[in-house]
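# Notes for the structure review
Here are the chains, one letter per residue:
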Amino acid sequence: MIDPRMLGTAVAAFPVLSETSAEERQSFLRSSKVVRVAAGDKLFKQGEVCRLFPLVLGGCIRVYREDMHGRQITLYDVTPGELCVLSSAALLAGSPYSASACARADTVLIALASSLFQKLIETSDSWRQLVFGLYAERFCDLTMLVDEIAFRSLSGRLAGFLAGTPQEVLSATHQEMADELGSVRVMITRLLGRFEERGWIGLERGLVTILNRRALHEFAAQQQAL
């Protein structure tokens, strides 16, 4: 059982809980518990049975897949006020987790009992809309991730495009570069951000400054060889 004062904190992060009945709120207090997870600690592992639904109040949870060699790929993050679509899918389907999760930072969450999660799905239109609306949002995120993996040469093509520009400062929007490379703006924005982090380019609104043309050439060549 959790402290009744935590209900107000949970409602502040998840306003949909304010629409629950008095009976459901009492069930929430009785069957839930506060969980604190230190940065880097696992929250759940792929293949485990899901028994609780996390409501993140503070911190951040990273959901990821890991192969047999230990290589990982981030699927999405869960921050305060967001729901974990993987947990909801596991509870609704009665299946094990298909990925793992750990805390990116010290995290505080309320672990909602699976029975209450199921009851809210059945009785609360707002809760149901929130959960299934999240599916649509996460599906778009994961689709972009699949595109990035399947067509990873896009990063090399973008690097080659930038390295091949004769000017040191390129005047072009992210959408224009996406059109040039047959991609979408959000993917180009993400890749440009990575190039900027590496010190290869500088970004301003509508402008890209080439800072390390050689690095861009080398990266493009490496990607082409994959």
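Only a predicted model underlies this, so the values are computations on that prediction, with no experimental measurement involved. (Residues numbered from 1 in each chain as written. Predicted model: local features only at pLDDT ≥ 70, side-chain atom pairs only at ≥ 80, totals over all residues. Heavy atoms only, no water.)

## Examining the side chain of Thr107
Tracing the backbone through its elements, the reader meets Thr107 in strand 7 (residues 107-113). Of note is the side chain of Thr107, whose polar atom sits 3.1 Å from the backbone nitrogen of Cys60. If we skip the residues at most four places from it in the chain, Thr107 touches Val35, Arg36, Val37, Val56, Gly58, Gly59, Cys60 and Ile61. (Helix = DSSP H or I, 4+ residues; strand = E, 2+ residues; numbered from the N terminus. Polar contact = N/O pair within 3.5 Å; in protein donor to acceptor, adjacent residues only side chain to side chain. Contact = heavy atoms within 4.5 Å.)

## Points about the sheet that holds strand 7
The sheet built from three strands is open, its strands ordered 1-7-3 with antiparallel pairing. Either end of the sheet is taken by a strand with one partner, and the two such strands are strand 1 (33-37) and strand 3 (52-58). The mean inter-strand angle of the sheet, taken between neighbouring strand axes irrespective of direction, is 35°. In this structure, strand 1 lies alongside strand 7, joined through five bridges in antiparallel fashion. Counterpart to Val35 in the pairing with strand 7 is Leu109. Sheet strands touched by helix 1 (residues 5-13): strand 1, strand 3 and strand 7. Its angle to strand 3, the strand with the most contacts, is close to 85°. Contacts between helix 2 (residues 22-31) and the sheet are confined to strand 1, strand 3 and strand 7, with strand 7 contributing the most and set at about 115° to the helix. (Pairing = 2+ DSSP bridges. Axes fitted to C-alpha atoms, helices over the stretch in contact; angles between N-to-C directions.)

## Some points on the sheet that holds strand 8 (residues 169-171)
Ordered in space as 8-10-9, the three strands form an open sheet in which the pairing is antiparallel. Whereas interior strands pair on both sides, the edge strands pair on one side only; in this sheet they are strand 8 and strand 9 (201-204). The mean inter-strand angle of the sheet, taken between neighbouring strand axes irrespective of direction, is 20°. One ladder, built from three bridges, connects strand 8 with strand 10 (residues 207-210); its direction is antiparallel. Following the sheet pairing, Ser171 is matched in strand 10 by Leu207.

## Some words on the pairing of strand 10
Burial along strand 10 is one-sided: Val208 and Ile210 are buried, while Leu207 and Thr209, pointing the other way, are not. Relative to strand 10, strand 9 runs antiparallel, the two sharing four bridges. For Leu203, the partnering residue across the bridge sits in strand 10 and is Val208. Count of turn residues in the strand 9/strand 10 antiparallel hairpin: two residues, of which Gly206 carries a positive phi of about 75°. (Buried < 20%, exposed > 50% of the residue type's maximum accessible area, 1.4 Å probe, protein only.)

## Focus: the packing of aromatic side chains
Inspection of every chain in the model, using the stated rule, returns eight aromatic pairs. Here the aromatic rings of Phe44 and Tyr97 are separated by 3.8 Å at their centres, their planes lie at 5°, and the arrangement is stacked. Taken together, the residues Phe44 in strand 2 (residues 42-44) and Tyr97 in the loop between helix 3 (85-93) and strand 6 (100-103) connect sequence positions 53 residues apart. For the pair formed by Phe44 and Tyr97, the shared burial category is buried. A ring pair is formed by Phe195 and Phe219, whose centres lie 5.8 Å apart and whose planes are at 75°; its orientation type is edge-to-face. Taken together, the residues span a long stretch of sequence, with Phe195 in helix 8 (residues 185-197) and Phe219 in helix 9 (residues 213-225) at a distance of 24 residues. Each member of the pair, Phe195 as well as Phe219, is classed as buried. (Phe/Tyr/Trp six-rings, centres within 6.5 Å; stacked < 30°, edge-to-face > 60°.)

Worth remembering: the numbers are spatial, not functional.
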